[in-house]
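# Overview (structure and organization)
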Amino acid sequence: SQQGEEDPQALSIQEGENATMNCSYKTSINNLQWYRQNSGRGLVHLILIRSNEREKHSGRLRVTLDTSKKSSSLLITASRAADTASYFCATDEGGSNYKLTFGKGTLLTVNP
Amino acid sequence: DAMVIQNPRYQVTQFGKPVTLSCSQTLNHNVMYWYQQKSSQAPKLLFHYYDKDFNNEADTPDNFQSRRPNTSFCFLDIRSPGLGDAAMYLCATLAGGGTDTQYFGPGTRLTVL
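Below or above, wherever it landed, is the structure these notes cover. The structure displayed is predicted, hence computed values, not measured ones. (Residues numbered from 1 in each chain as written. Chains lettered and ligands numbered in written order. Predicted model: local features only at pLDDT ≥ 70, side-chain atom pairs only at ≥ 80, totals over all residues. Heavy atoms only, no water.)

### Focus: the interface of chain B and chain A
To keep things clear, this is the line we draw: We call two residues contacting when some pair of their heavy atoms lies within 4.5 Å. Basic side-chain nitrogens of Lys or Arg form a salt bridge, by our definition, when they fall within 4 Å of a carboxyl oxygen of Asp or Glu. As used in this structure description, the phrase polar contact means that two N or O atoms lie within 3.5 Å; if the pair is within protein, one of them must be able to donate a hydrogen and the other to accept it, and residues adjacent in sequence are counted only when both atoms belong to side chains. A run of DSSP states H or I qualifies as a helix once it reaches four residues; a run of E qualifies as a strand once it reaches two. Both are numbered from the N-terminal end. Gly counts as polar in this scheme, as do all residues outside two lists: the nonpolar Ala, Val, Leu, Ile, Met, Phe, Trp, Tyr, Cys and Pro, and the charged Asp, Glu, Lys and Arg.
Tallying the contact residues gives 24 residues for chain B and 20 residues for chain A. Along the contact surface separating chain B from chain A lie one salt bridge. We note a salt bridge from Glu57(B) to Lys99(A), for which the minimum N-O separation is 2.9 Å. Run the count over chain B and chain A and you get four residue pairs in polar contact (both at pLDDT 80 or more). Counting residues per element, the ones that place at least two in the side of chain B that touches chain A are strand S4 (31–37), strand S5 (44–50) and strand S9 (87–94) of chain B. Here the residues of the side of chain B that touches chain A sort into 11 nonpolar, nine polar and four charged.

### A look at the side chain of Gln37(B)
In plain terms, the rule: Think of it in three bands: with a 1.4 Å probe and only protein chains considered, a residue is buried below 20% of the maximum accessible area for its type, exposed above 50%, and partly exposed in between.
Along the chain, Gln37(B) falls in strand S4. For Gln37(B), a relative accessible area of 8% corresponds to the buried category. Of note is the side chain of Gln37(B), whose polar atom sits 3.0 Å from the backbone oxygen of Gln41(B). Contact partners of Gln37(B), with chain neighbours within four places excluded, come to Gln37(A), Phe88(A), Ala42(B), Pro43(B), Ala87(B), Met88(B) and Leu90(B).

### Observations concerning the state of the cysteines
Which entries qualify depends on this criterion: Two cysteine sulfur atoms make up a disulfide if the distance between them is within 2.5 Å.
Scanning the model with the defined rule gives two disulfides over all chains in all. Each sulfur of the disulfide joining Cys23(A) and Cys89(A) lies 2.0 Å from the other. Because the torsion about its S-S bond is 65°, the bridge between Cys23(A) and Cys89(A) counts as right-handed. Of this pair, Cys23(A) sits in strand S3 (residues 19–24) while Cys89(A) sits in strand S9 (residues 85–92), placing them 66 residues apart in sequence. Here Cys89(A) falls in the buried class, since its relative accessible area comes to 0%. One disulfide in the model links Cys23(B) with Cys91(B); its S-S distance is 1.9 Å. Measuring the twist about the S-S bond at about -70°, one finds the Cys23(B)-Cys91(B) disulfide to be left-handed. With a gap of 68 residues between them, Cys23(B) in strand S3 (residues 19–25) and Cys91(B) in strand S9 connect regions that are remote in the sequence. Exposure remark for Cys23(B): the relative accessible area of 0% places this residue in the buried category. Look at Cys91(B) and you get buried, because its relative accessible area is 0%.

### Examining the packing of aromatic side chains
Residues and elements named next belong to chain B. Using the following cut-off: Side-chain rings of Phe, Tyr and Trp (the six-membered ring for Trp) are treated as a pair once their centres are within 6.5 Å; stacked means planes under 30 degrees apart, edge-to-face means over 60, and tilted covers the remaining angles.
Taken as a whole and judged by the stated rule, the model has 10 aromatic pairs over all chains. Taking 5.4 Å as the distance between ring centres and 50° as the angle between the ring planes, the aromatic pair formed by Phe-47 and Phe-54 counts as tilted. For Phe-47, a relative accessible area of 1% corresponds to the buried category.

### Observations concerning the sheet that holds strand S1 (residues 4–7) of chain B
All names here are of chain B. Using the following cut-off: DSSP calls a pair of strands paired once it identifies at least 2 bridges connecting them. In this analysis, axes come from line fits to C-alpha atoms, helices being fitted only over the stretch in contact, and the angle between any two N-to-C directions falls in the range 0 to 180 degrees.
Reading across from one edge, S1-S3-S8-S7 is the order of the four strands in this open sheet, with antiparallel pairing throughout. The sheet is open, and its two edges are formed by S1 and strand S7 (64–67), each paired on a single side. With strand direction ignored, the average angle separating the axes of adjacent strands in the sheet is 20°. Where S7 and strand S8 (residues 73–78) come together, four bridges link them in antiparallel fashion. Bridge pairing links Arg-67 to Phe-75 in S8.

And the structure:
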């Protein structure tokens, strides 16, 4: 079953702009993670936010989590062409700490 | 240094011809996963091993089997590939013991002719 659902499905912006992607989920979670996938490659972990956290930063990334709304957002500031990739949120389904359910992803295109 | 290695990166097989995909890891992680990812879709978990314990997802077809002969290696066997099995197959690992981050290999792109 699909746990995380991202929107938008696709996002195209200019270099230097900020990009915001959203994720919604259905059941309770211990944590939510964001992964990045370059075309034709594996996924790379970006950031993890725990259910008792509301906001987390890592470099140009900012993640928020609203457990009351069962939603999260990923903000990439000052985007670069190299940020072009698909971004997936993933949740620990049913509280399992080693099994993830991925959303459908947002395809981000950053135009130079 | 590569931590999760998948071979081959590209695999072409014929309809119905068995194929084996390989994954190895240098992380000494307890958990290994196989995901199937079709174009523009989310990775879908097929099964995972926690050490030697095999855990199959309920909707994984019987056509897919897996072996984990030791900590470092895990194999995905597709007994009779169909056209619908053409996809990217991703291997991932997790340290276990309460950690949460999965480490992914680069994937194997399977084409079924």
